[in-house]
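As a plain string of letters, each chain reads:
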Amino acid sequence: MFRPKHFKEDEEGKLLNFIEEYPLGLLVTGDFEANLIPMNITQESGDLYLNCHVARANTQLKSLISSNNVLIVFRGPEGYVTPNVYQTKKEHGKAVPTWNYSMVQAHGQATVIDEKDWILDQINSLTNKMEEGEEQPWKISDAPDDYIDKLVKVVVGIKIKVERLEGVFKTSQNQPIENRIGVKKYFSEQGNLAMADLVSIE
């Protein structure tokens, strides 16, 4: 991944928080097949893992079995930036459009897990996290046991040992403060508050 010095991010805590907030990862295998799959994070004996489950019918499973090297891409807020919001453009006209974005990539080794208890634990963990903000959080136990058993039989688990984690947060850091103020205001007025929050004016 191309990571200009202004925008590269390697602080693990920040990258993990990003994945927690945007857990729908694009899982890419060696044959360039890619699927969006929600993931949750675990740590075991100092190692970092991304866990998920997929349908047994998912054709990407063949790729995971033949070559377990994977890339997972997590995308966050993004948005187009017009030069018109730069104060310096009004002064000398030297400005061009750009795109702000945030992304974390994880590289690792995937293991396919066909164990009911592991799959249920993974689904429970992900569901509980995603239901936290609901007024009445849904739990797997809310559904009939035989219904859940039937669904679990048609999925398999995937456990990915993360070997490299890296991020890019392009949020106008390379612009002077007066331009960043304009960018932040621009995104706020567009209703793109998540991107506006990432633009620092300190």
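Here's a quick rundown of the structure. Model, not experiment: these values are computed from the prediction. (Residues numbered from 1 in each chain as written. Predicted model: local features only at pLDDT ≥ 70, side-chain atom pairs only at ≥ 80, totals over all residues. Heavy atoms only, no water.)

1. Regarding the packing of aromatic side chains
Across all of its chains, the model carries 4 aromatic pairs by this definition. Ring centres of Phe 18 and Phe 169 lie 5.3 Å apart, and the angle between their planes is 90°; on these two criteria the pair is classed as edge-to-face. Of this pair, Phe 18 sits in helix α1 (residues 12-21) while Phe 169 sits in strand β8 (residues 155-170), and the two are 151 residues apart along the sequence. Each of the two residues, Phe 18 as well as Phe 169, counts as buried. Between Tyr 186 and Phe 187, the ring centres sit 5.7 Å apart and the planes meet at 50°, which makes this aromatic pair tilted. On the basis of relative accessibility, which here comes to 16%, the residue Tyr 186 falls in the buried class. Through a chain of ring-to-ring contacts, the aromatic side chains of Phe 18, Tyr 22 and Phe 169 assemble into a single cluster. Positioned above the aromatic ring of Phe 169 is the side chain of Lys 14, whose terminal nitrogen or guanidinium carbon lies 4.8 Å from the ring centre. When the ring centre of Tyr 49 is taken as reference, the NZ or CZ atom of Lys 159 above it lies at 4.5 Å. (Phe/Tyr/Trp six-rings, centres within 6.5 Å; stacked < 30°, edge-to-face > 60°. Helix = DSSP H or I, 4+ residues; strand = E, 2+ residues; numbered from the N terminus. Buried < 20%, exposed > 50% of the residue type's maximum accessible area, 1.4 Å probe, protein only. Lys NZ or Arg CZ within 6 Å of the ring centre and 35° of its normal.)

2. Thoughts on the pattern of salt bridges
According to the stated counting rule, one finds 12 salt bridges in the structure shown. In this structure, the salt-bridge partner of Glu 166 is Arg 3, at a minimum N-O distance of 3.8 Å. Taken together, the residues Glu 166 in strand β8 and Arg 3 in the segment before β1 (8-9) connect sequence positions 163 residues apart. Since its relative accessible area comes to 8%, Glu 166 is described here as buried. You can call Arg 3 buried: its relative accessible area is 17%. Salt bridges sharing partners connect three or more residues here, namely Arg 3, Lys 8, Asp 10, Arg 164 and Glu 166. (Salt bridge = Lys/Arg side-chain N within 4 Å of Asp/Glu carboxyl O.)

3. A word on the environment of Ala 196
Within the fold, Ala 196 resides in helix α7 (residues 193-198). Counting along the chain gives 16 residues from Ala 196 to Arg 180, while the straight-line C-alpha distance between them is 9.8 Å.

4. Re the nonpolar core
Judged by nonpolar contacts, the single largest core of 26 residues is most densely connected at Met 39, Leu 50, Ile 72, Ile 160 and Leu 165. Mapped by element, the contributors of at least two residues to this core are α1, β5 (47-55), α2 (60-66), β6 (69-81), β7 (98-113) and β8. In terms of residue count, the dominant contributor to this core is β8 (6 residues). Leaving out residues up to four positions away in the same chain, Met 39 has contacts with Pro 23, Leu 27, Leu 50, Asn 51, Cys 52, Ile 72, Phe 74, Leu 126 and Ile 160. Core analysis: the next-biggest nonpolar cluster, separate from the first, contains 10 residues, Ile 119, Leu 120, Ala 143 and Ile 148 among them. (Core = buried A, V, L, I, M, F, W, Y, C linked by side-chain atoms within 4.5 Å. Contact = heavy atoms within 4.5 Å.)

5. Section: the packing of helix α4 (residues 116-130) against helix α5 (residues 145-152)
Their axes nearest at 11 Å, the elements α4 and α5 cross at an angle of 105°. Judged on the interaxial angle alone, α5 and α4 are roughly perpendicular. The segment α4 lies against α5, with Lys 116, Ile 119 and Leu 120 engaging Ile 148, Asp 149 and Val 152. Per-class residue counts for the contact of α4 with α5 are 4 nonpolar, no polar and 2 charged. (Axes fitted to C-alpha atoms, helices over the stretch in contact; angles between N-to-C directions. Parallel < 35°, antiparallel > 145°, perpendicular 65-115°, else oblique. Nonpolar A, V, L, I, M, F, W, Y, C, P; charged D, E, K, R; others polar.)

Purely geometric stuff here, so don't read any function into it on its own.
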